[in-house]
Amino acid sequence: MSLYDDAVLVLKGYEDQPELRQSYLDHLAAHQDGVWKSCADGHVTASALVVDPGRGRVLLTLHRKLRLWLQMGGHCEPTDATLADAALREASEESGIAGLTLLPGGPVRLDRHPIPPPCHCHYDVQYAALAPPGALEAISDESLDLRWFAYDEVADVADDSVVRLLEATRARL
């Protein structure tokens, strides 16, 4: 099964946000390359909010280009067999944490947002990743900073999309 096929299956199985979900499916139906960065009309990305439920906190990255506190995530790569693989790879690379596991149940949310040219849009499929006990983070080249925030601090530092992702993650936990 290709990454494109996996993306379609994952989205068809996702039961929340029906209108937004359908826009993702419509985009993929119109763009067989819609999971790749090269699709200039927009492309699917995968991200994961790294959570430490035992300590009531999340790990956010200060994105190097956008200069916003965000969850870990990014573009799909040819080595990713599934969207879940892409989200877990991105979370592991950007957090430096070994042993992350995705929260069961598939994506937590979808978030479509405009991005600077040459592309127009990211169709982000958002997961949650559980940090193992005693997890140690390490900053990557993609980040200006990496920091743990208590659940109740996130709204003070991050945008609404991250706040909604945290709310959905906590509801699933």
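Placed above this text is the structure.
Residues numbered from 1 in each chain as written. Predicted model: local features only at pLDDT ≥ 70, side-chain atom pairs only at ≥ 80, totals over all residues. Heavy atoms only, no water.

Engineer: Account for the pairing of strand β7 (residues 121-130), naming residues and giving values.
Structural biologist: With 9 of its 10 residues buried, β7 lies for the most part within the structure. Two strands pair when backbone bridges link them, and strand β1 (residues 43-52) and β7 are joined in this way by 9 bridges, in the parallel orientation. Residue Ala46 lies in a different strand from β7, and its bridge partner there is Val125. Two strands pair when backbone bridges link them, and strand β6 (residues 109-114) and β7 are joined in this way by 6 bridges, in the antiparallel orientation. By the bridge assignment, Leu110 is partnered in β7 with Val125. Taken together, β6 and the strand that follows it, β7, pair antiparallel across an intervening segment of 6 residues. (Buried < 20%, exposed > 50% of the residue type's maximum accessible area, 1.4 Å probe, protein only. Helix = DSSP H or I, 4+ residues; strand = E, 2+ residues; numbered from the N terminus. Pairing = 2+ DSSP bridges.)

Engineer: Break down the packing of helix α1 (residues 3-13) against helix α2 (residues 18-30) for me, with residues and values.
Structural biologist: Each pair of packed helices can be described by the angle between their axes along with the distance between the axes. Here α1 crosses α2 at 155°, and the two axes come no closer than 10 Å. For the element pair α1 / α2, the angle class is roughly antiparallel. Note that α1 runs across α2; the crossing there is left-handed. Along its contact with α1, which presents Tyr4, Ala7, Val8, Leu11 and Lys12, the element α2 presents Arg21, Tyr24, Leu25, Leu28 and Ala29. Of the residues in the contact of α1 with α2, the class split is 8 nonpolar, no polar and 2 charged. (Axes fitted to C-alpha atoms, helices over the stretch in contact; angles between N-to-C directions. Parallel < 35°, antiparallel > 145°, perpendicular 65-115°, else oblique. Left-handed = near helix turned anticlockwise from the far one by under 90°. Contact = heavy atoms within 4.5 Å. Nonpolar A, V, L, I, M, F, W, Y, C, P; charged D, E, K, R; others polar.)

Engineer: Residues and numbers for unusual backbone geometry, please.
Structural biologist: The phi torsion of most residues other than glycine is negative, and most of the peptide bonds are trans. Of note, Gln17 is a non-glycine position whose phi angle comes to about 45°, a positive value. Here Gln17 shows up in the loop between α1 and α2.

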